[in-house]
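# Structure at a glance
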Amino acid sequence: MNGLLYLAIGSPNSSILEILGQAFDEGNPDSAYFLLPKELGSTDYPFSYWSWNGNTFEFQISDDRMPKEWFLLFSNNIDLADQIEGVVGLLEKEKKLSIGRILLFINSQVLFERGDLLEWMNGCAHFADAICYTNRNNENGKKVAECVDKYKSFHYPLENFILKKNKPVPLSQILSTTTRRISHIFDPPDLLEENESVQSDPFLERNSMGKRIRPIPLPFSNH
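Notes on the structure in this doc start here. Fair warning: this is a prediction, and the values are worked out from it, not measured in the lab.

### Concerning the packing of aromatic side chains
Counting across every chain of the model gives 17 aromatic pairs. Summarising the aromatic geometry, the rings of Phe-24 and Tyr-45 are spaced 4.7 Å apart at their centres and angled 35° between planes, so their arrangement reads as tilted. With Phe-24 in the loop between helix 1 (16-20) and strand 2 (32-36) and Tyr-45 in the loop between strand 2 and strand 3 (47-49), this residue pair connects regions lying 21 residues apart in the sequence. An aromatic cluster of at least three residues, connected via ring pairs, comprises Tyr-6, Phe-24, Phe-34, Tyr-45 and Phe-71.

### Section: the sheet that holds strand 7 (residues 97-107)
Taken in spatial order, the seven strands line up as 3-2-6-1-7-8-9 in an open sheet, and their pairing is parallel. Every interior strand has two partners, whereas the edge strands, strand 3 and strand 9 (159-162), have only one. Within this sheet the neighbouring strands show an average axis-to-axis angle of 20°, counted without direction. In this structure, strand 2 lies alongside strand 3, joined through three bridges in parallel fashion. Its bridge partner being in strand 3, Leu-35 is matched across the sheet by Ser-48. Strands in contact with helix 2 (residues 80-93) are strand 1 (3-10), strand 6 (69-73) and strand 7; relative to strand 1, the strand with the most contacts, it is inclined by about 175°.

The rules we used
- Residues numbered from 1 in each chain as written.
- Predicted model: local features only at pLDDT ≥ 70, side-chain atom pairs only at ≥ 80, totals over all residues.
- Heavy atoms only, no water.
- Phe/Tyr/Trp six-rings, centres within 6.5 Å; stacked < 30°, edge-to-face > 60°.
- Helix = DSSP H or I, 4+ residues; strand = E, 2+ residues; numbered from the N terminus.
- Pairing = 2+ DSSP bridges.
- Axes fitted to C-alpha atoms, helices over the stretch in contact; angles between N-to-C directions.
- Contact = heavy atoms within 4.5 Å.

Take a look at the structure:
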């Protein structure tokens with residue numbers, strides 16, 4: 001594998017495939033490639049399903065495919081922190097693959113309908129460079145604004161995008177190469193402080209029994 005790897009986390013019905021599908025150049029079949037969990041179903045864009053084996057992403061790609069951009073979409077049925085560690089392992093294996101942005105796509109209606117998303121959102125926001133809110137309307141708009149304001153008050157550097165229907169998606173901004181995440185786990189090792197290792201990340205750190213000290217829930221799991 002060679003190129004730039006984007007990670008994408010999404011709530012159900014967040015239009016994640018439709019939005020990221022705009023990164024594909026129809027005239028160039030190797031412009032981009034989706035790596036999908038089976039729960040998301042299929043797509044007309046070039047893709048492979050990934051499977052989860054021993055905290056490792058496994059997938060098969062034809063040898064003649066050489067995409068410039070890869071989009072690895074996370075599963076809502078597998079621990080988020082485990083998947084982040086799985087990407088660390090993938091990058092160690094695929095030396096020519098570089099990490100791009102980590103993107104969170106939220107169907108704004110779930111913020112309005114559910115009150116159990118706080119810890120999940122906090123975990124996602126810790127790793128995310130940008131949050132994209134879809135399906136915003138008058139009913140859920142207040143919840144979206146509260147969420148945006150909360151992470152601004154925490155001085156999170158991540159970007160917020162409220163994506164409106166019938167208006168162009170600012171995809172070049174969303175996919176900017178400028179990272180804005182709190183977590184340092186994908187930073188070059190020589191730039192890390194002693195307390196910024198994978199093991200010391202607050203959402204990855206484990207206790208002496210091997211349990212996450214700050215687990216991230218799975219509010220959308222269908223298991």
